[in-house]
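Structure assessment
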Amino acid sequence: MRTAFINQLIEEASSNNNIFLLVGDLGFSVVEPFAEKFPDRFLNVGIAEQNMAGIAAGLAMEGYCVYIYSIGNFPTLRCMEQIRYDICYHNLNVKIVAVGGGYAYGALGPSHHATEELGMLRTIPNLVVCAPADPYEAKAITTFTACYNGPCYIRLGKAGEPEVHKHTSDESKQIVKGTILSIAETGNTTAVFSTGSMLKYVVDFIERNNIASSVYSFPFIKPIDNTMLLNLFIKYKSIITIEEHQASGGFGSAILELLYEFANQGLLAQNQFPKMRRIAINDQFYSVAGSQEYLRSVAGLELKMEYFD
Amino acid sequence: MVNHSIEFARQIRALTLKLVYNAKASHIGGALSMADILAVLYDGILNVDPGAPDYVERDRFLLSKGHACSSLYATLGLKGFFDLNELDGYATNGSLFLSHTSHKIPGIEVSAGSLGHALPIACGIALAAKRKKEQWKTFCLVSDGELNEGSNWESILLAPQLKLDNLILIIDYNKIQSFGFVKDIVDLEPLRAKFEACRWNCFEIDGHNHSELHDTFVKCKESADSAPKAIIAHTTKGKGISFMEDSLLWHYKSPSEEQYHMALQELNQYK
Ligand SMILES: Cc1ncc(C[n+]2csc(CCOP(=O)(O)OP(=O)(O)O)c2C)c(N)n1
Ligand SMILES: [Mg+2]
């Protein structure tokens, strides 16, 4: 995903002279092509994320569209107040990019488990929060953020994820603000809502077990297309949300909030309420080493056959 | 004394190499650059007890550059803080030995993996010791790249104000960070002058010379002046394994089987 991101950013920067990339002493063997092509619009600020976020705000005030890049919690939690106050309150054109969402850096331990940031960032006004699922979504989200004038967060996976989306030139695969993407519509009762790189796992599980369930990918956690979401609530009797994030404040949380919001607005009757199941991390740190797959399983981020009965 | 810690450092390096090789882990360069510092600290400088890692009067050692944990785990294992066999699973599925320091491991004071966290914590610990009139010392080891972080400088400004004379900061100045040379990214020079301007008592030494390390640590522990102490230890990233020395690549790479045996051979030469 990070390769898809950087290649697309180079593409965007070729036609948009305002795109600037700041890195926090990270991106070795990833960002060099950008730095070589646009030396005047690249800077390694060093291991100093708060400084990086502040500098991005300043550059954006002077007209640049600034991407800041680091891993895990460093470009988010470490500089949360700069993001909230400098970038989002001033509504600046800054894009925060984190590589290694969730347990992508599993063996590196809790410092590198990025499992709370969606909840924290989702509460900040003006900020668009994105979590692409595969290289296709990463590329499309990069283009979206480059064209969008305002603050965005992009949670990327790591490297080497396979492409999940097929027929990506179809109109239904276009990404605009809040888009929900249909991956499979094989069942009328149950749907799985997935965000970020859990999607590959979900699709494999459904296919391997021959389950009649629909699957939707949510590249946006904020905002989410309300009309489309309401239709999905009405269509399915049972919905499972899955994310590589703490349960509280995350993606499933956002979906539940909207469900009750729609009901309060009278858009959804009591008997249309789908049964909801949220798969997310259960308010715990995991201080064991392991691959992403291993940690997902330790944290219970797994589907079970019985969820589809 | 010095010969003893030199052999200890060699053993630390050999075990570090094995851990990183088996786990296909990263960050061996920074683990090797601080191996001599750890060897001298744990060979008679730090007042610690492997049988009672939490006893109250111990000296505190905080590793801030947690990514270099492999050589600290090796040091503690060789010292008997835990069974060496436990290290076998280092950084693999289910192991408590993460590839950053973990405070769940006996002998490790703080978890660290996000740079720029441990010095403020060390200040808090040193302040607690002062308020409680305890005699133990607090040591904190940071990397050079890590000094880019503002959090460190907040502590560097405050520690002399609080007269934290019981705080000993060691800088592993190996001249390389994640994206290149320190001097090309955020040049720290003149580093000693910065510490002195901030009213620290500053020492500048060869971080691979065991007698210099030993004498400086003793001086810092025994010093009667009221300033916090900073030891700028000039080191070489990847020290001890010639093909890893001074190379950015070995911040990331894990040795191949052939490289592993070559490296081990080089270390065994000095047995
Ligand atoms: C806050 C934070 N930002 C970024 C990183 C990613 N990172 C890990 S090691 C490292 C730099 C390594 O260089 P240095 O700090 O000099 O350590 P050493 O040379 O001793 O290995 C970076 C940027 C991090 N761990 N924490
Ligand atoms: Mg360094």
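Residues numbered from 1 in each chain as written. Chains lettered and ligands numbered in written order. Predicted model: local features only at pLDDT ≥ 70, side-chain atom pairs only at ≥ 80, totals over all residues. Heavy atoms only, no water.

Details of the environment of A:Thr143
All names here are of chain A. The topology assignment puts Thr143 in helix H6 (residues 135-147). Along the sequence, Thr143 and Phe5 sit 138 residues apart, while their C-alpha atoms lie 9.1 Å from each other. The residues touching Thr143, leaving out its near neighbours within four places in the chain, are Gln8 and Glu12. Among the polar contacts made by the side chain of Thr143, one reaches the side chain of Glu12 at a distance of 2.8 Å. (Helix = DSSP H or I, 4+ residues; strand = E, 2+ residues; numbered from the N terminus. Contact = heavy atoms within 4.5 Å. Polar contact = N/O pair within 3.5 Å; in protein donor to acceptor, adjacent residues only side chain to side chain.)

Remarks on the site of ligand 1
Around ligand 1, a shell composed of 23 residues is seen, among which A:Glu49, B:Lys65, B:Ser143, B:Asp144 and B:Lys237 lie nearest. Nearby residues around ligand 1 are contributed by chains A and B. Here an oxygen atom of ligand 1 sits 2.6 Å away from a polar atom, N or O, in the side chain of B:Asp144. Within the side chain of B:Asn174, an N or O atom sits 2.9 Å from an oxygen atom of ligand 1. Burial of ligand 1 by the surrounding chains reaches 99%, relative to a free accessible area of 590 Å². The residue inventory of the shell around ligand 1, partitioned by class, reads five nonpolar, ten polar and eight charged. (Near = heavy atom within 4 Å. Areas by Shrake-Rupley, 256 points an atom, 1.4 Å probe, with all protein chains shown as cover. Nonpolar A, V, L, I, M, F, W, Y, C, P; charged D, E, K, R; others polar.)

Overview of the environment of A:His90
All names here are of chain A. Mapping His90 onto the fold places it in the loop between helix H4 (80-89) and strand S4 (94-99). The sequence separation of His90 and Asp225 amounts to 135 residues, and the corresponding C-alpha distance is 25 Å. Excluding residues within four positions of it along the chain, His90 makes contact with Met61 and Tyr85. Of note is the side chain of His90, whose polar atom sits 3.0 Å from the backbone oxygen of Asp86.

Description of the sheet that holds strand S12 (residues 275-281) of chain A
All names here are of chain A. Spatial ordering of the open sheet is given by S7-S9-S8-S11-S12, a layout of five strands whose pairing is mixed. Taken across any chain shown, the strands that pair with only one partner, and hence form the sheet edges, are strand S7 (181-185) and S12. Neighbour to neighbour, the strand axes of the sheet diverge by 20 degrees on average, direction disregarded. Pairing of S7 with strand S9 (residues 214-217) involves four bridges; the strand directions are antiparallel. Looking at S9, one finds that Ala184 is bridged to Val215. (Pairing = 2+ DSSP bridges. Axes fitted to C-alpha atoms, helices over the stretch in contact; angles between N-to-C directions.)

Some words on the pattern of salt bridges
Pairing is possible between side chains of opposite charge, provided their charged atoms come close. Residues and elements named next belong to chain B. What the rule picks out here adds up to 16 salt bridges over all chains. Across the salt bridge formed by Asp172 and Lys65, the nearest N and O atoms sit 2.6 Å from each other. With Asp172 in strand S3 (residues 167-173) and Lys65 in the loop between strand S1 (60-63) and helix H4 (69-79), the pair connects residues that are 107 residues apart, well separated along the chain. By relative accessible area, which is 1% here, Lys65 ends up buried. It is possible to trace a salt-bridge network through shared partners that takes in Arg192, Glu196 and Glu204. (Salt bridge = Lys/Arg side-chain N within 4 Å of Asp/Glu carboxyl O. Buried < 20%, exposed > 50% of the residue type's maximum accessible area, 1.4 Å probe, protein only.)

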